[in-house]
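# Chain and residue survey
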Amino acid sequence: MKKLNRRNFLKLAAGGSSALAAGLGFSQGALAGSIKLQEGGRDFSPTTKKALQAIPTACWQCVTRDAMMGYVEDGRLVKLEGHPDSIRTLGKLCAKGQAGVNHVYFPDRILYPMLRVGKRGEHKWKRVSWDEALDLMASKLKPLLDAGTPELFMYQYGRHKGSQSSIMHDFMDAFGSHTIGTHTSVCEGPKWVGQESLWGGMYDNWDYDHTDFVVNFGSNQFETHTNHIPTSQRLIRAMVDRNVPLYTFDVRLSNTAAKSTEWIPINVGMDGLVMLSMVNVIMNENLFRKDHLKYMRVSPDYHASDDEKIAAIKEHVAKFTPEFAEKESGVPADKIKQIARGYAKAKSACLIGYRGTVMHYHGADQERAAMLLSAITNNLDRKGGRVMGVGAGWKTPHSPKAKIQKGLDIVNGFPGEAAFPTHQVSQQNLPMIKDGQNGRPKVYWSSCNNQAFINGNNKEAEAVLKDESLIPFYVNSNIVYDESSQYADLILPDVTYLERWDTEDMVSPTGIAEFYIRQPLIKPLGESRDQGEIFAGLAKRLGIELAYTTKEEYVRQACEMTPGVREAGGFEYMKKHGVWHDKNAKPNFGFYEAKVDVSGDGVILDEKTGVYWNYKKAGVSEAEARSKGYLGVEGAKDAYVAQNIEGTPRKAYPPNTSFVKSGLLDFYSDNFAAKGFPPFPTYTPIPEHQKMGKDDLHLTTYKVAVHTHSRTAHCKWLSEIKHDNPAWINSKTAADRGIKDGDRIKVASDIGEITTTAHVTEGIIPGIIAISHHFGRQHSGIYGSGKSSPTPGGATADPDAKNMWWDKHGIHPNSIIPNSSDPISGGQRWMDTVVRVAKA
Amino acid sequence: MGINWKELANNAKSRSDIYGLMSTVFREEPSGDLIRDMRSPHLSEIFADLGVELGERFYTDLESKVMEELAIEYTRLFIGPGPHISAHESIFSEMDGDMSGLWGVKTVEVKKFIETTGLDYGKDFTGLPDHISVELEFMQKLTEWEADMWHQQYRKRAEYCLTVQGKFLDQHLFCWVDQFCDAVVHQAEIPFYRAMAELTKQYMAFERQSVATDTAA
Ligand code: SF4
């Protein structure tokens, strides 16, 4: 007989099915019952052998917020693992996620409201009841309401997402204060600003499931990423199963670089330049694809033809030859050409980048170069390419808003500091409070935000928090005594994420949204309390009406309000299953091509930009709409309907952010031009780097796989793995300074000096020093800092503390990194600091 | 999610149907229904296409005669008395002493494997747990369940099911099915079982490749 192949296999199957209908009709099968295979979602006690209680919930160690299962035995949380039915995570969790258990039971956990009784920083505390704590807060907030100055109440948060964020905004709206500080500008703000100026949205993910080629600029994808577990496993699978190459440009041999097809060392701050030189190669060798051109604007002309656009792009990048890029970046011209060709010729390709690319001077513009490289090869929002992430769109309850709504202008940086601070300039919040010219809050409440650790020049931040004349009343919600809470007037014991309710919404790399919830695995320990419940307690005291009384109720309402989730069974379904997605949903590849009906009442075509917009929705008359045009009417962008693409109205890229733009990808940006920035992606040398002396070095920071920036030092399993951060320095750079591996060294910048240990290695380019930014904790409990916290419990509460074998806790580099912002986005320029290094 | 759920479900269902057919063929003497269906233009065409030669008389003799002859051949080949092929994994596995033979170590392993997936041996089933038809039926059920998981878009469960299939094939079916088929080819006196054994062997070779790819997917 013939050998079976795919074609005759299918034939045989057709035969099998018809024979089965006849054959098994009489023949009793041997096997009965039904298959109950389940990987994950079940676990057993090693002692009693009984099944553990399994509760679906979600991780919150990092922003990825993976759906997971918690296992509980006799009321104690014993284990965390991935949720087997999550389409994002495919049942996996990283080391940080698994160590989440440590948050609940670490010995220095704050479990009661604590009132300061000594001077700020004197570490003298008195335990108070929740009633006392809330009465005290209300006594400070009520006068602000009465005086019509709600803005003098500032809420400063770090990691709030999903319902934790929406409930906070709801409360602040009900109070009337817009003085809300975030942290995105110290994280990745420039990336989003760059994308928003083009895309009308933000948050790129990559379709690794279908990609054929991956180029990575400065992203430590395999160790830490904002969508880590969902994306890194897919990239690894693409590499292992389909031999997809991964080229990583980085100053340091990160574990991602080490696992790549090739690590391409690159000089600091040169990612954008190399990307532009890749554009140069692709354009000049005619390797580009025209498909996306009609959605791109590359010159002031909205109606340029394809040929004119091609000519304009070529002209823009003409000077960025591979040879020029080689001189500046250190990457050989031939390597640039090779990777550019491979990238352009691949059927589909992903261009990834992150902090290494964007936390620089003009970092937002470097992200625009990354988008350009994706667009000219038709790898934007296409299968196998860089795609706009899709998250869950939860509906949430809304409380009545206060009549007076005001905010202090202290979250967007000093006047003139940043042109488009759409993700704030949070590193300057405390310096601006110190400065005082835009006002100061009277009540400052921070939650999950360690200002005195995470910002540049963190010693200055610490001093501001300590100064009662600058911040008269300071409340800190926390689970651990840290660099910031030590100066609070009142510490509120927060629940851990394993003890609270939330709706969650992090984007899915597959283009299909996953709705999931977080639910308490155990009762909150001690008197710890969720922020949502604290808002409710305060609202009662302040006479504010809220749409919920508990966080659980808030989440329940969200589940019952959200289409899809509601029909699946709402809150009860989500409690039982934890995750839900629409099985009929299709990935959103090519969403921009969707045809749009423009026959609606009030929809007109703006000839200049090619935008269809609804002047009625914008609240102007037709005459005014026509005379002023789409760009001339304030708020017209919110009335955007479609973009005229070669005579057809299409969805294109709607201006969904604060950027006023057409539906085209604004590679030529009037917004940028108007503020004096290059309208087309370009290479702008970093001023500090231009002035470097012979002996100066670059200082860069990085993350390790087992820690978040500031929230995991007290997790004993993680700190046992990683608790120290010697400075990486190239052997040649070290030899020039007489430094040997293990030597103590001094690293000095213009604002300070630290002493640390040298890790001499070939795994970093010469001329720089790299120090990870998790360590050197003043406080973070016994495991993070070596010091037990001055709060009840302390290290004696954990017999395991005796087994702690490490006594090194590293050094924090932020005290020598100044707060300086990307003038475009306001992002903190972590990677631009210049230092001098010498043997200590 | 970049996954063609329908295609994956259909693929698993196809495998299930083929396992089902083979399980039926080796379970017991063919029924009139099965013979009628295999002689239908639809199936005979497929077999002809694949080069599966059931013999001219399978198609031309009276159905009752074919049934009778196949019943005799089945008994002679697989039941005895006298020299026959005992269609059980433990007979084919090379183990010392009492470890092999009927109800040997392998039989217990197969039984345990099947039972840990939630399935059970039906109360009317009088055969031994590691009969070739049981192992093929087990694969039929696993692949059917896999198809259902793809259909419901449970990727993790479907992939896990593929892993379980891979394990069962590697630890059991693949270890002896070729030898078994060769023995049948060698000892068959009429073409039907020879052709079916050849087809089974071919299909297992195909599975070796495709399951290895699938489980890695
Ligand atoms: S990537 Fe790790 S830390 Fe982040 S949410 Fe997932 S499991 Fe948790």
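Residues numbered from 1 in each chain as written. Chains lettered and ligands numbered in written order. Predicted model: local features only at pLDDT ≥ 70, side-chain atom pairs only at ≥ 80, totals over all residues. Heavy atoms only, no water.

## What to know about the overall build of chain B
The condition that has to hold: Put simply, DSSP marks the helices as runs of H or I at least four residues long and the strands as runs of E at least two long, and each gets a number from the N terminus on. Throughout, radius of gyration means the C-alpha value; the globule benchmark is 2.2 Å times the number of residues raised to the power 0.38. Classification of residues uses two cut-offs on accessible area relative to the type maximum, computed with a 1.4 Å probe and protein chains only: under 20% is buried, over 50% is exposed, and between them is partly exposed. Only heavy atoms matter for contacts: two residues are in contact if any of them lie within 4.5 Å across the pair. Here the open area of atoms and residues is found with the Shrake-Rupley method and a 1.4 Å probe, where only the protein chains shown may cover a residue. Charge convention: Lys and Arg are scored as positive, Asp and Glu as negative, and His as well as the terminal groups of each chain are ignored. Charge positions are represented by NZ for Lys, CZ for Arg, CG for Asp and CD for Glu.
The helix and strand tally for chain B stands at 10 helices and 1 strand. Going from N to C terminus, chain B has its helices and strands arranged as α-α-α-α-α-α-α-β-α-α-α. Taking 217 residues into account, the globule formula puts the C-alpha radius of gyration at 17 Å, and chain B, at 18 Å, falls close to it. When the backbone C-alpha atoms are referred to their principal axes, chain B occupies close to 55 × 50 × 30 Å. A buried classification covers 55% of the 217 residues belonging to chain B. The contacts in chain B between residues at least 6 apart in sequence include a share of 66% that link residues at least 24 apart. With an accessible surface of roughly 9400 Å², chain B has 52% of that area assigned to carbon and sulfur atoms. Of the charged side chains in chain B, 21 are positive and 37 negative; the average position of the first set lies 5 Å away from that of the second.

## Observations concerning the sheet that holds strand β31 (residues 768–772) of chain A
Residues and elements named next belong to chain A. This is how it is decided: A pair of strands counts as paired when DSSP detects no fewer than two bridges linking them. Note on geometry: axes are C-alpha line fits, over the in-contact stretch for helices, and angles between N-to-C directions span 0 to 180 degrees.
Taken in spatial order, the 6 strands close into a barrel running β27-β31-β28-β30-β29-β32, and their pairing is mixed. Taken over all neighbouring pairs, the strand axes of this sheet differ in orientation by 45 degrees on average, direction set aside. Taken together, the 4 bridges between strand β29 (residues 744–748) and strand β32 (residues 833–839) define a ladder with antiparallel strand orientation. Its bridge partner lying in β32, Val-747 is registered against Val-837.

## As for the packing of helix α5 (residues 63–79) of chain B against helix α9 (residues 155–187) of chain B
A pair of packed helices can be characterised by two numbers: the angle between their axes and the separation between those axes. All names here are of chain B. What counts here: Should an angle fall under 35 degrees it is taken as roughly parallel, and over 145 as roughly antiparallel, whereas 65 to 115 is taken as roughly perpendicular and any remaining angle as oblique. Crossings are assigned a handedness: left-handed for a near helix turned anticlockwise from the far helix by less than a right angle, right-handed for a clockwise turn. Amino acids outside the nonpolar list (Ala, Val, Leu, Ile, Met, Phe, Trp, Tyr, Cys, Pro) and the charged list (Asp, Glu, Lys, Arg) are all regarded as polar, and Gly is one of them.
At their nearest, the axes of α5 and α9 sit 11 Å apart, and the two run at 130 degrees to each other. It follows that α5 is oblique to α9 by the angle criterion. Our pair here, α5 against α9, has a crossing hand that is right-handed. Along the contact surface, α5 presents Arg-76, Leu-77 and Phe-78, while α9 presents Phe-180, Val-184 and Gln-187. Classifying every residue of the contact of α5 with α9 gives 4 nonpolar, 1 polar and 1 charged.

## Looking at the environment of Leu525(A)
Residues and elements named next belong to chain A. As for its placement among the helices and strands, Leu-525 is situated in the loop between β20 (515–518) and α18 (531–542). Overall, the relative accessible area of 24% leaves Leu-525 in the partly exposed class. Each C-alpha atom, one on Leu-525 and one on Ile-110, is 9.6 Å from the other, the two residues being 415 residues apart in sequence. Not counting residues up to four positions away in its chain, the partners in contact with Leu-525 are Val-104, Tyr-105, Arg-109, Leu-111 and Glu-499.

## Comments concerning empty space enclosed by the protein
Empty space among the atoms becomes visible once a probe the size of a water molecule is rolled across them. Residues and elements named next belong to chain A. The condition that has to hold: Definitions used throughout: a 1 Å grid over protein atoms alone; a cavity as a set of points that fits a 1.4 Å probe which cannot get out; a pocket as an open set with protein on both sides within 12 Å along at least five of seven lines; a lining residue as one with an atom within 4 Å of a point. Grid points are joined across faces, edges and corners, and a volume is the space filled by probe spheres set on the points. Where a domain begins and ends is set by an automatic assignment or by a domain database.
Inspection of every chain in the model, using the stated rule, returns 6 cavities of 30 Å³ or more. Its volume calculated, the largest cavity comes out at about 670 Å³. Residues belonging to the lining of the largest cavity are distributed by class as follows: 12 nonpolar, 19 polar and 9 charged. When its volume is computed, the second largest cavity comes out at roughly 380 Å³. As for the second largest cavity, its lining consists of 25 residues, and the residues nearest its centre are Gly-218, Asp-250, Gly-356, Thr-701 and Met-831. Per element, the largest residue contribution to the lining of the second largest cavity is 3 residues, and it comes from strand β27 (residues 696–702). Across the lining of the second largest cavity, the residue classes break down as 7 nonpolar, 13 polar and 5 charged. Each of two domains, domain 3 (204–388) and domain 5 (692–839), supplies a minimum of three residues to the lining of the second largest cavity.

## Observations concerning the pattern of salt bridges
Put simply, the rule reads: A pairing counts as a salt bridge when a side-chain nitrogen of Lys or Arg comes within 4 Å of a carboxyl oxygen of Asp or Glu.
For the coordinates displayed, the defined rule picks out 72 salt bridges over all chains. Asp49(B) serves as the salt-bridge partner of Lys11(A), at 2.0 Å between the closest nitrogen and oxygen. Of the two residues, Lys11(A) is situated in helix α1 (residues 6–26) and Asp49(B) in helix α3 (residues 41–50); the pairing between them involves two chains. The class of Asp49(B) is partly exposed, set by a relative accessible area of 32%. Its salt-bridge partner being Asp334(A), residue Lys337(A) comes within 4.0 Å of it at the nearest N-O pair. With a gap of 3 residues between them, Lys337(A) and Asp334(A) both fall in helix α12 (residues 333–345), about one helical turn apart. We classify Asp334(A) as exposed; its relative accessible area is 57%. Through salt bridges with shared partners, one network takes in Arg65(A), Arg500(A), Asp502(A), Glu504(A), Asp505(A), Arg518(A), Asp530(A) and Lys551(A).

## What to know about the interface of chain A and chain B
We apply this condition: Values labelled buried area give the accessible surface lost by two parts on being combined, using a 1.4 Å probe and summing over both. Two N or O atoms form a polar contact when they lie within 3.5 Å of each other; inside protein one atom must be a possible hydrogen donor and the other a possible acceptor, and for residues adjacent in sequence the pair counts only when both atoms belong to side chains.
Taken together, the contact between chain A and chain B spans 51 residues of the former and 56 residues of the latter. The largest contributions to the chain A side of the interface with chain B come from Met1(A), Leu31(A) and Leu37(A), which together make up 17% of the buried area. Where chain A packs against chain B, one counts 2 salt bridges. Applying the counting criterion to the chain A and chain B interface returns 14 residue pairs in polar contact (both at pLDDT 80 or more). Broken down by secondary-structure element, the contributors of at least two residues to the side of chain A that touches chain B are α1, β1 (31–32) and α7 (228–242) of chain A. Element by element, the count of residues in the side of chain A that touches chain B is highest for α1(A), at 18 residues. For the side of chain A that touches chain B, the per-class residue count stands at 22 nonpolar, 17 polar and 12 charged. Bridge analysis of β1(A) against strand β1 (residues 120–121) of chain B gives 2 bridges, and the strand direction is antiparallel. Among the inter-strand pairings, Leu31(A) is bridged to a residue of β1(B), identified as Tyr121(B).

## Here's the deal with unusual backbone geometry
A cis amide bond links Gly80(B) with the next residue in sequence, Pro81(B), at an omega value of 0 degrees. Inspection of the secondary structure assignment puts Pro81(B) in the loop between α5 and α6 (89–92). Phi at Ala652(A) takes a positive value of approximately 50 degrees, unusual for a residue other than glycine. One can find Ala652(A) in the loop between β25 (648–650) and β26 (665–666).

## Focus: the domain arrangement of chain A
Per the domain assignment, the segments making up chain A are domain 1 (53–105), domain 2 (114–186 + 397–555), domain 3 (204–388), domain 4 (591–674) and domain 5 (692–839). Relative to domain 4 of chain A, the C-alpha centre of domain 1 of chain A lies at a distance of 44 Å.

## Side note on the environment of Phe106(A)
Residues and elements named next belong to chain A. The residue Phe-106 is located in the loop between α3 (101–105) and β5 (114–116) in this model. The class for Phe-106 is buried, based on a relative accessible area of 6%. Once the C-alpha coordinates of Phe-106 and Lys-716 are considered, the two residues, 610 residues apart in sequence, prove to be 7.8 Å apart.

## A word on the site of the ligand
Residues and elements named next belong to chain A. The line we're drawing: Here a residue counts as near a molecule or strand whenever at least one of its heavy atoms sits within 4 Å of it.
Around the ligand sit Cys-59, Gln-61, Cys-62, Thr-64, Arg-65, Asp-66, Leu-93, Cys-94, Lys-96, Gly-97, His-228 and Ile-229, and that is every residue in its neighbourhood. Counting only elements with at least two residues in the shell around the ligand, the list comes to α2 (95–98) and α7. Here the residues of the shell around the ligand are counted per class, giving 5 nonpolar, 4 polar and 3 charged.

## Section: the nonpolar core
Under the convention used in this document: Among buried residues, those of type Ala, Val, Leu, Ile, Met, Phe, Trp, Tyr and Cys that are joined through side-chain atoms within 4.5 Å constitute a nonpolar core.
Core analysis: the largest hydrophobic core is formed by 77 residues, its most contacted members being Phe78(B), Leu173(B), Phe180(B), Tyr193(B), Met196(B) and Tyr203(B). If sequence neighbours within four positions are ignored, Met196(B) has contacts with Val25(B), Phe26(B), Met38(B), Phe47(B), Val52(B) and Leu54(B). In this structure, Ala370(A), Ile604(A), Ala636(A) and Ile645(A) belong to the second largest nonpolar core, which totals 72 residues.

## Re the packing of aromatic side chains
Heads up, the rule is: Each pair of aromatic rings taken from Phe, Tyr and Trp, with Trp reduced to its six-membered ring, is defined by centres within 6.5 Å and is described as stacked if the planes are under 30 degrees apart, edge-to-face if over 60, and tilted in the remaining cases. We call a charge positioned over a ring when the NZ of a Lys or the CZ of an Arg lies within 6 Å of the ring centre and within 35 degrees of the ring normal.
The tally for this structure, following the rule as stated, stands at 54 aromatic pairs over all chains. An angle of 15 degrees between the planes, with centres 4.6 Å apart, marks the rings of Phe171(A) and Phe535(A) as stacked. Residue Phe171(A) is located in helix α5 (residues 162–175), and its partner Phe535(A) is located in helix α18; the two are separated by 364 residues in the primary sequence. Grouped by ring-pair contacts, the aromatic residues Phe26(B), Phe58(B), Tyr59(B), Tyr74(B), Phe78(B), Phe92(B), Trp176(B), Phe180(B), Phe192(B) and Tyr193(B) constitute a single cluster. One Lys or Arg, Arg76(A), reaches over the ring of Tyr105(A) and ends 4.1 Å from the middle of that ring.

## Comments concerning the environment of Asn412(A)
Residues and elements named next belong to chain A. The residue Asn-412 is located in the loop between β15 (386–388) and α15 (429–435) in this model. Asn-412 gets classed as partly exposed once you look at its relative accessible area, which sits at 28%. Along the primary structure Asn-412 and Thr-422 are separated by 10 residues, whereas in three dimensions their C-alpha atoms are 8.1 Å apart.

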